[in-house]
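Understanding the architecture of this molecule
Below, each chain spelled out in residue letters.
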Amino acid sequence: MGYSQFGAMIPELIILGLFFMVLLLDVFTRDGSGKKWLTPLTTVLFGLGTIAIWIIPASGEYVFGGMYVNTAACNAIKAILNIGVFIVFLQSASWVDSDETVIRKGEFYELLLATLFGMYLMISARHFLLFIIGLETASLPLAALVAFNKKHYESHEAAIKYILTAVFSSAILLMGLSFVYAFSNGSLYFDDIRTAITSGSMSGLLIAALAFMIAGIGFKLSLVPFHLWTADVYQGAPTAITSYLSVVSKGATAFAFFIIFVQAFGNVWADCWEWMMYGVIILTITVGNLFAIRQKNMKRFMAFSSISQAGYIMLGVMTNGMNSLGMASMLFYIFVYVVSNLGAFAVITAIENKTGKVGMDDYDGLHKTNPWLSFAMTLAMFSLAGIPPFAGFFSKFMIFTAVTSASSSWALYMLVLVALINTIISLYYYLLVVKAIWIKPGEAKVEAFTVNAGEKAALWICVAGIIFFGLVPYIYDYCYNAAATLF
């Protein structure tokens, strides 16, 4: 094992290099001098790193004893997550530089980069030891980020709920992993587990192991019935962290879920975990939609929206890797979800930073005072609802097509039918926000204000993505070509 193996970890090395740069700049500069350049420097360098990850081809080489691999599909999801983090950096710039948080500006970027590094390890892991290391590296800094508003009781409460849930879910996941270790004759490599399952027979131990693992990862993804922490944590956390949790964390975990269950447990798909996933996906989409209707706080509203969207993302897993279409549609869905969800959060962040208002009723008549924000939020809601011709429509169409083309099973067709019915339900509650902005009578409750440069840039990126991602074939072709490397 030589140091040359680190050459396969270019995305991770980029993030680590940026992390140490931020750490040194934070520690060795005075508050009034070098630190004022921390936000623009970190954002620019991170953007350049994202471009590098996007254009540098993946080696596809297994290193560190086969525990790590960086395929084109891994590179694609890392680049997509980086775009989401870059948008979060832009929309959080004014909050990070505010009087309350400016002294901890370096900590914000360090924690965010540390948790992103953990997600990279999860994505590229082909051994459960490396996967668990990545999972915990991603989870623990997130708890600190949720508690970042030190003077807010809600932030403390959200952090406690998040860390307790993270510990509990990790314990469940490790319990299932111990069963897998026993079943696979003492190996935690994905390929060895698949071989052991092929040569063995269906057993209660394997069924229990998969149930525990779906539950453990389901907590991280906010799948129903493992979602109860989500709304409280999203509401209590700083809005910049809420947007990060709802998009970046969810995208990384969904990709890792696909890899683990298709590559390690795909041989017992029809006999064991197919029906578990049917129930989880139907509950996730339906419960998320029904509870979103009742919300009046925009952050809780987006929490239940993200729960429902997680169910749609999980539809890609239902292809069981039978072709590259399932992975491609999942990557494309996450790509579109990044710009759509962060577009909504960019508006929520801008309004909260200026007025402190986060209630849906506060958006009544918003178009009278802030037409640009109203336009951006409307596009985001239309895309999340799947209304053509916006990108969200094409992402849902692609993922429904992938599921129905994977098999002629009547159960899969029923699953897609339930998802389509829920799309109609989601249309109702997304249009509640549009109604408040454009239709409700009365004076506007949010006064006119100027959006700062970072928030404006984030909005422009998201609006451009919502409008063009569904119409430009390059994006889906990129996802499809990357997904083809897995099969």
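This text gives an overview of the structure that appears in the document. (Residues numbered from 1 in each chain as written. Predicted model: local features only at pLDDT ≥ 70, side-chain atom pairs only at ≥ 80, totals over all residues. Heavy atoms only, no water.)

As a further point, take the overall build of the chain. A tally of helices and strands in the chain yields 20 helices and two strands. For 487 residues, the compact-globule formula gives about 23 Å, and the C-alpha radius of gyration of the chain, at 22 Å, lands near that figure. The buried share of the chain, reckoned over its 487 residues, is 61%. Long-range contacts, defined here as pairs at least 24 residues apart, represent 81% of the contacts in the chain between residues at least 6 apart. When the accessible surface of the chain is totalled, it reaches about 17700 Å², and 69% of it is carbon and sulfur. (Helix = DSSP H or I, 4+ residues; strand = E, 2+ residues; numbered from the N terminus. Rg over C-alpha atoms; globule rule 2.2 N^0.38 Å. Buried < 20%, exposed > 50% of the residue type's maximum accessible area, 1.4 Å probe, protein only. Contact = heavy atoms within 4.5 Å. Areas by Shrake-Rupley, 256 points an atom, 1.4 Å probe, with all protein chains shown as cover.)

Packing of helix H14 (residues 324–355) against helix H16 (residues 371–385) brings their axes to within 9 Å, and their N-to-C directions diverge by 145 degrees. The interaxial crossing formed by H14 with H16 has left-handed handedness. Contacts from Val-336, Tyr-337, Ser-340, Asn-341, Gly-343, Ala-344, Val-347, Ile-348 and Ile-351 of H14 reach H16 at Leu-373, Ala-376, Met-377, Ala-380, Met-381, Ser-383 and Leu-384. Taken together, the residues that form the contact of H14 with H16 break down as 12 nonpolar, four polar and no charged. (Axes fitted to C-alpha atoms, helices over the stretch in contact; angles between N-to-C directions. Left-handed = near helix turned anticlockwise from the far one by under 90°. Nonpolar A, V, L, I, M, F, W, Y, C, P; charged D, E, K, R; others polar.)

With that settled, the discussion passes to the nonpolar core. The biggest cluster of nonpolar side chains holds 185 residues, and the ones touching the most others in it are Phe-131, Phe-265 and Met-314. The greatest single-element share of this core, amounting to 21 residues, is contributed by H14. The residues contacting Phe-265, other than those within four sequence positions of it, are Phe-128, Val-180, Ile-193, Ile-197, Leu-206, Leu-210, Met-213, Ile-260 and Trp-273. (Core = buried A, V, L, I, M, F, W, Y, C linked by side-chain atoms within 4.5 Å.)

Below, the discussion takes up the side chain of Ser-243. When you line up the elements, Ser-243 lands in helix H11 (residues 239–264). The class of Ser-243 is buried, set by a relative accessible area of 0%. Within the structure, the side chain of Ser-243 is placed 2.7 Å from the backbone oxygen of Ala-240, a separation counted as a polar contact. (Polar contact = N/O pair within 3.5 Å; in protein donor to acceptor, adjacent residues only side chain to side chain.)

All right, on to the pattern of salt bridges then. Summed over all chains, the structure comprises eight salt bridges. Note that Lys-440 is salt-bridged to Asp-361, the shortest N-O span being 3.8 Å. Of the two residues, Lys-440 is situated in the loop between helix H18 (410–438) and helix H19 (453–468) and Asp-361 in the loop between H14 and helix H15 (366–369); the sequence distance between them amounts to 79 residues. Through salt bridges with shared partners, a single network forms among Glu-157, Lys-161, Asp-232 and Arg-300. (Salt bridge = Lys/Arg side-chain N within 4 Å of Asp/Glu carboxyl O.)

A word on the environment of Leu-379. Secondary-structure assignment places Leu-379 in helix H16. Each C-alpha atom, one on Leu-379 and one on Ala-344, is 8.6 Å from the other, the two residues being 35 residues apart in sequence. Contacts of Leu-379, omitting those with residues within four sequence positions, involve Phe-390, Val-463, Ile-466 and Ile-467.

Val-224 connects to Pro-225 through a cis peptide bond whose omega is 10 degrees. Looking at the secondary structure, you find Pro-225 in the loop between helix H9 (204–221) and helix H10 (230–236). Residue Pro-389 follows Pro-388 across a cis peptide bond; omega there is 10 degrees. By the secondary structure assignment, Pro-389 is in the loop between H16 and helix H17 (391–406). Positive phi, close to 55 degrees, is recorded for Phe-64, a residue that is not glycine.

Below, the discussion takes up the packing of H9 against H11. Two elements in contact, H9 and H11, have axes separated by 9 Å at closest approach and are oriented at 165 degrees. Here H11 runs roughly antiparallel to H9, going by the angle between their axes. Crossing of H9 against H11: the hand is left-handed. Packed against H9, whose contacting residues are Leu-210, Met-213, Ile-214, Ile-217, Lys-220 and Leu-221, the element H11 presents Lys-250, Thr-253, Ala-254, Phe-257, Ile-260 and Phe-261 at the interface. Across the contact of H9 with H11, the residue classes break down as nine nonpolar, one polar and two charged. (Parallel < 35°, antiparallel > 145°, perpendicular 65-115°, else oblique.)

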